[in-house]
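Here is what each chain is made of, one letter per residue.
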Amino acid sequence: MALIAVGDSLRVSVTDESPVLPTTPPLSLLAESGRGLQLVAALTHCWGVDPQERAKSVWFELRKDVA
């Protein structure tokens, strides 16, 4: 896991050894799994995937609260 300050945001990045990119398939209301990326999308400013040859990094950014 990596934490990086990017302007007024904090970027959190997690890398795994699978080149398979994540998907957000439609889910039934009774599904017991598969909501991880939906939660990330709902709770963060933005998120994305950096594919690599034999791995991938999934990241999200949290904006600094500006009052």
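As a reminder, the structure under discussion sits directly above these lines.
Numbers given to residues run from 1 along each chain, matching the order in which its sequence is written. Selection of residues for local features in this predicted model requires a pLDDT of at least 70, selection of side-chain atom pairs for listing and counting requires 80 or more, and totals for whole chains, interfaces and linings are taken over all residues. The basis for every side-chain value is the complete set of heavy atoms in the structure, and neither hydrogens nor water enter the calculation.

## What about the overall build of the chain?
Operational definition: Numbered from the N terminus, helices here are DSSP runs of H or I no shorter than four residues, and strands are runs of E no shorter than two. The quantity called the radius of gyration is restricted to C-alpha atoms. Its globule counterpart is 2.2 Å times the number of residues to the power 0.38. Between buried and exposed lies partly exposed: a residue is buried under 20% and exposed over 50% of the maximum accessible area for its type, with that area taken using a 1.4 Å probe on protein chains only. Note on contacts: a residue pair qualifies if any of its non-hydrogen atoms lie within 4.5 Å across the two residues. Each accessible area is a Shrake-Rupley estimate made with a 1.4 Å probe; only the visible protein chains count as cover when residues are assessed. Just so you know, the count uses Lys and Arg for positive and Asp and Glu for negative, and it drops His and the chain ends. Charged groups are reduced to one reference atom each: NZ for lysine, CZ for arginine, CG for aspartic acid, CD for glutamic acid.
Along the chain, the regular secondary structure elements total 1 helix and 4 strands. Traced from its N-terminal end to its C-terminal end, the chain shows the element sequence β-β-α-β-β. A globule of 67 residues ought to have a C-alpha radius of gyration of about 11 Å, yet the chain, at 14 Å, is considerably larger. Overall, the C-alpha framework of the chain stretches about 40 × 35 × 15 Å when taken along its three principal axes. Burial status across the chain gives 16% buried among its 67 residues. Once local pairs closer than 6 in sequence are excluded, the contacts in the chain between residues at least 24 apart make up 49%. As presented, the chain carries roughly 5300 Å² of accessible surface, and 60% of it is formed by carbon and sulfur atoms. Averaging the positions of the 6 positive and the 8 negative side-chain charges in the chain gives two centres separated by 2 Å.

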